[in-house]
Amino acid sequence: HLPVILKSESELQGCRKNIEQLKDNLTNQIEESTKKQKESLDTLTSQSSYGAALGSVLTTMLWKTSKTEEVIATFIETNTLNQFLNLAMVTMTSFRETYKKGLPDAETNEFKFIVALLGIYINIAAQRAGRDFILDREIGIDFIKSSLDYLGEIPMPSGALLKRLILMLLFNINIDKRGSLLIE
């Protein structure tokens, strides 16, 4: 390509004007994109907060209702227990990854959610059928192993409640010989 030679000052001014318009358009597009990104982030943050609050409330309610053998039997019969084990593993793994440098405040929805999740697991493991269900599935065994590993990572004193709950879960699992062997 040969360089274009401008024949007049007016052509040069026209090019400068075009460049300025392009810069203005680019600046406007960047500002608009930044605004949309911020709106998307605000929406995502709002949805995340809502999800954590909903999870916290529902797991707390489920924790309180999962204390009986009949409820655990219903969970097993309806296959919701298998789904719970999968969700619990994903949630615990995410919680560990997100808060590996320090736990959230005990009053946050995230903390309440994980506490209630452990409480449900404790209640399931307290019933023979629930304990068997956990120990008969790889995901259940993985959750127990992961919880056992997590004990050493939980910061103190902020993690005292989490440690206590995991120890309660391990105690319930330990009642079964297979659980005892798993914990050793």
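Data block above holds the structure.
A brief structural summary.

1. What about the environment of Lys112?
Working step 1: By the element assignment, Lys112 lies in helix α4 (residues 109-126).
Working step 2: For Lys112, a relative accessible area of 34% gives the class partly exposed.
Working step 3: C-alpha separation for the pair Lys112 and Gln37, spaced 75 residues apart in sequence, amounts to 30 Å.

2. Considerations on the pattern of salt bridges
Working step 1: Under the counting rule described, the total for this entry stands at seven salt bridges.
Working step 2: A salt bridge links Glu97 to Lys100; the nearest nitrogen and oxygen atoms lie 3.3 Å apart. There is no split in this pair, since Glu97 and Lys100 are both exposed.
Working step 3: Here Asp136 and Arg178 are joined by a salt bridge, their closest N and O atoms 2.5 Å apart. One end of the pair, Asp136, is in the loop between α5 (128-135) and α6 (138-151); the other, Arg178, is in helix α8 (residues 177-183), and 42 residues separate them in sequence.
Working step 4: Each of Asp132, Asp136, Asp176 and Arg178 takes part in a single network of salt bridges with overlapping partners.

3. With respect to the environment of Thr91
Working step 1: Mapped onto the fold, Thr91 is located in helix α3 (residues 80-98).
Working step 2: Residues Thr91 and Asn18, 73 residues apart in the sequence, show an inter-C-alpha distance of 54 Å.
Working step 3: At 2.7 Å, the side chain of Thr91 forms a polar contact with the backbone oxygen of Leu87.

4. Remarks on the side chain of Ser146
Working step 1: Residue position: Ser146 is located in helix α6.
Working step 2: Those residues in contact with Ser146, other than ones at most four positions away along the chain, are Met89 and Arg96.

5. Let's talk about α4
Working step 1: Helix length check: α4, at 18 residues, gives a terminal C-alpha distance of 25 Å against a target of 26 Å (1.5 Å per residue), a fit within 8%.
Working step 2: With 13 of 18 residues buried, α4 lies mostly within the body of the structure.

6. Observations regarding the packing of α4 against α5
Working step 1: Across the interface, α4 lies against α5 with an axial gap of 5 Å and an inter-helix angle of 110°. The angle between α4 and α5 places the two elements in the roughly perpendicular class. Touching Tyr121, Ile124, Ala125 and Ala126 of α4 are Arg128, Gly130, Arg131 and Ile134, all from α5.

7. Considerations on the side chain of Thr59
Working step 1: Inspection of the secondary structure puts Thr59 in helix α1 (residues 9-65).
Working step 2: Thr59 sits in the buried class, given a relative accessible area of 9%.
Working step 3: Separated by 2.7 Å, the side chain of Thr59 and the backbone oxygen of Gly55 make a polar contact.
Working step 4: Setting aside residues up to four positions removed in sequence, Thr59 forms contacts with Phe113, Ala116, Leu117 and Ile120.

8. Some details on the nonpolar core
Soluble globular proteins tend to bury their nonpolar side chains together.
Working step 1: Of all hydrophobic cores here, the largest spans 35 residues; its most connected members are Phe84, Tyr121, Ile134, Phe143, Tyr150, Leu162 and Leu169.
Working step 2: Contributing elements (two or more residues each) for this core: α2 (69-77), α3, α4, α5, α6 and α7 (160-174).
Working step 3: Each residue touching Ile134, except ones within four places of it in the same chain, is listed here: Leu85, Tyr121, Ile124, Ala125, Gly140, Ile141, Ile144 and Ile173.

Conventions adopted
Residues numbered from 1 in each chain as written. Predicted model: local features only at pLDDT ≥ 70, side-chain atom pairs only at ≥ 80, totals over all residues. Heavy atoms only, no water. Helix = DSSP H or I, 4+ residues; strand = E, 2+ residues; numbered from the N terminus. Buried < 20%, exposed > 50% of the residue type's maximum accessible area, 1.4 Å probe, protein only. Salt bridge = Lys/Arg side-chain N within 4 Å of Asp/Glu carboxyl O. Polar contact = N/O pair within 3.5 Å; in protein donor to acceptor, adjacent residues only side chain to side chain. Contact = heavy atoms within 4.5 Å. Expected span 1.5 Å × (residues − 1). Axes fitted to C-alpha atoms, helices over the stretch in contact; angles between N-to-C directions. Parallel < 35°, antiparallel > 145°, perpendicular 65-115°, else oblique. Core = buried A, V, L, I, M, F, W, Y, C linked by side-chain atoms within 4.5 Å.

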